[in-house]
Structure formats: C-alpha cells, structure tokens
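If you want the building blocks of each chain, they are given just below.
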Amino acid sequence: MSEYQYYEFRAIDQPLDEKAMDALRNLSSRAQITPTSFTNEYNWGDFKGSPLKLMEKYFDAFLYVANWGTREFMLKVPFRLVNFDLVKEYCCGENVTAYKKGENLIFQFISETDDREWEEGEGWLSSLITLRSDILHGDYRCLYLGWLYCAQMEDFEGEKFEPPVPPNLGKLNGPLKNFVGFMRINTDLVAVAAQKSASTEVPQAVNQKALGAWISKLSDEEKDNILLQLIQGQNPHLGAELVQRYQSSITVKQNGEAELTSRTVTDLISRGEMHAAERKRRIVEQAAKEEARKERERAVIRNKYLNELAKREDQVWKQVDELIGAKRPSDYDSAVQLLVDLRDLGIKMKKEKPFQEKLQGLREMHNRKPSFVRRLNEAGLR
C-alpha cells in the first residue's frame, strides 16, 4: 500500500500576506496556498515544515491524516479568552496537549490506531473548525472529550479523577459528533460520561431580554469604545469577549443537578464496558423482536396464500404435471416449489397422507429424470 498524508491549515483571524505565502511556498512547491489556507497531499516523501511552529506563526487551525492510522487536529485561540486553570485539567494526557505560545494557546489532539485503512483527509477540518468558536464562547466539551480519549488510551492511572464535566455532553452538535469520530472516542464511554453532565436551557426570549438589560448598563464611554473597535475591525474576538462578559454576569438555569462527585478513570472505563454490553444486548433483543414480527407477517401471508391454493388444488396438480413434462430446469424448479406449497397445504388441511401418495406416484413416474429427483430431495420432498 502506498503512503498517504494530508495536511491542511486555516487562517481565520488574520489572512496571510504575500511574505507569509512566499515563506510557505518555500516549504512546499506543490501545496495549494491561498490567503486563508495551506493544503497538501503526499504519496511519497514528507512535509518539511513543523505544524506546531506554523500554527504559532500563521494559522488558527490544522488537520493531519495519514493512512497508517495517525490523525491530528490543532486549534489556536487567544490565551486571554480561555480559563487556563480549567484547560490544564482537560489537556493533561499524551494525546491532548495545550501549548502556550506568546499571547495564544494551541490545542493539539492526536489519535492513533494500528488499523491501517485508506482514508481521505479532505473535508475533516471544515467539519471541525467551529469547535474553535465554541471554545472562545466557553464551551469546553471538545476539551473534555479529548480528556476522555486520553483515559480510553490509558494515558492516566486508574485512580485519577475526571475533570469537571461540562454541561450538555449528552446533546452533542454536529462538529462535536465529528470530533468524536475523528478522534475515535468510544461512544459508549461518551454516553456514560454524559450521565453526570447537566442539561442547560436558556430560552431565547429570556436571553435577548437579559442581554439587552446588560448592554443598557454599560457606560456610554464603553459603548463608544466597543463601536470603535467594531468599525476598525482590529479585534476579531470582540464578540466572544462581550459574550464571555455577559455570561459571567448571569446564572444559567440547569435542568437537573449534575453530581459533584468525580469518577475515576477505572470507574468510567468499567461503566463504559457495561454500557456497551447492555447496548449490544438491546440490539440483539430488538433484532429478535423484529425477526419475530416479520415471521408473523410471513405466516399471515403464507396462510392466506394456502387458503387461496386450496380452492384450486386440482388445477395446481395438473400444472405440476405440465411443468415436469416440459423437461426444462427452470420448469423443474417451478414444479418443486408448487409441490412444497401443496405439501404445506396438506399439513394445514390434515391431508398429509393423500399428498404423500401423489408425491410417491410422481417419483415413480419420473424416476428417470435425475435432475428433477435431485430437486425433490433438496426440497425435502421424500
């Protein structure tokens, strides 16, 4: 199998200038480079640049896929806009790391597997990139899921306690579901982790009213400063900053209370295994119920058919004779199928002996037709 490597970088906050694009071109003459992206595929050789350094200098998101089972995903956010104490609790394994680079924080997620399956990297980054905005707005679910993957991969001792479980872990949006798939996180483990995740609900009408009330309390000077920043466009994270300030001023209503007791890695893994066993049991049970339902439907249809067959039984016996007399393999098949129907009718009508007598007569009459006799035997018509 030939090698395949896919590299994709995205610039979100600040487009690349000509100098940056020239520098990137020196790293790869074959890459597709635009003011907002750098993309390249390798079927031989390797990329000469350091993804982490390029993220630090130019880009806000990165994705890597190799056909030997390695997947990597990186996001860069302004350090001032994250709760670093909480981030450190999530990003503490070998497969999930947070690097402080100047005024930014770079999250690195790595997933490895020994199963070598050919896969394309194109499309993955687009399906994950909005997780950056989620982090900027205080949604750390992807960071917790990254920690969960580290637990799955035995990065931690079994006695280690889990970090705070973010709310709405049981209601993953599309990008988060894609993240679970990209990182190959055990979905049974996710389901168990979500059992201690609070469900938050903020009605849109209340949001707008509360937000309006909060804005009205800002000073005129502060509002003028916000408008000036907005017009100048020099702060791409102005919206996220304001949302964070607003959210810190309100209390979100929670549906149910999330348990405060943290679970250990061993407990999570054990519960995940039990959840998987129960899920598989339910699948088998449901499949059995569905098969029983279909069998009942088939029985009703079969019974109706046999009732109709009883009205023309003599005609069917004549049809069997005609089909056998044609001496064609396909007609033999049709004749045998009709004989099976007649046998089942005999059982239903408690007339098995007359059927067997007629069948024995057919066998004796056509015993020199080995192809037909073989079909009778294969159908259990003895």
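For the structure, check the block above.
Owing to the predicted nature of the structure, the values given are computational and were not obtained by experimental measurement. (Residues numbered from 1 in each chain as written. Predicted model: local features only at pLDDT ≥ 70, side-chain atom pairs only at ≥ 80, totals over all residues. Heavy atoms only, no water.)

### So, the pairing of strand β4 (residues 61-66)
Most of β4 is tucked away: six of the six residues are buried. Where burial is concerned, the two faces of β4 agree: the one with Ala-61, Leu-63 and Val-65 and the one with Phe-62, Tyr-64 and Ala-66 are both buried. Counted between consecutive antiparallel strands, the loop separating β4 from strand β5 (residues 71-78) contains four residues, among which Gly-69 sits at a positive phi close to 110°. (Buried < 20%, exposed > 50% of the residue type's maximum accessible area, 1.4 Å probe, protein only. Helix = DSSP H or I, 4+ residues; strand = E, 2+ residues; numbered from the N terminus. Pairing = 2+ DSSP bridges.)

### Here we look at the pattern of salt bridges
Applying the stated criterion to the full structure yields 23 salt bridges. Across the pair Arg-271 and Asp-267 runs a salt bridge, and its minimum N-O distance is 2.9 Å. Taken together, the positions of Arg-271 and Asp-267, both in helix α12 (residues 265-310) and four residues apart, correspond to about one turn of that helix. We note a salt bridge from Glu-297 to Arg-293, for which the minimum N-O separation is 2.5 Å. Taken together, the residues Glu-297 and Arg-293, both in helix α12 and four residues apart, mark about one turn of the helix. Taking relative accessible area as the criterion, Glu-297 reaches 42% and is therefore assigned partly exposed. (Salt bridge = Lys/Arg side-chain N within 4 Å of Asp/Glu carboxyl O.)

### Notes on unusual backbone geometry
Phi is positive for Arg-184, close to 60°, though the residue is something other than glycine. With respect to the helices, strands and loops of the structure, Arg-184 is situated in the loop between α7 (174-183) and α8 (187-194). The class for Arg-184 is partly exposed, based on a relative accessible area of 23%. Residues other than glycine seldom take positive phi values, yet Lys-327 does so here, at roughly 60°. Here Lys-327 shows up in the loop between α13 (313-326) and α14 (329-348).

### A few points about the sheet that holds β4
Sheet strands pair by backbone hydrogen bonding; their relative direction is either parallel or antiparallel. Strands sit in the order β2-β3-β1-β4-β5-β7-β6 across an open sheet of seven strands; the sheet is antiparallel. Edge positions in the sheet fall to β2 (32-34) and β6 (96-101), since each of these pairs with one other strand and no more. Going from strand to strand, the sheet's axes swing by 10° on average, the running direction of each strand aside. Where β4 meets β5, five bridges bridge the pair, whose relative direction is antiparallel. Residue pairing for β5: Leu-63 is matched across the bridge by Phe-73. (Axes fitted to C-alpha atoms, helices over the stretch in contact; angles between N-to-C directions.)

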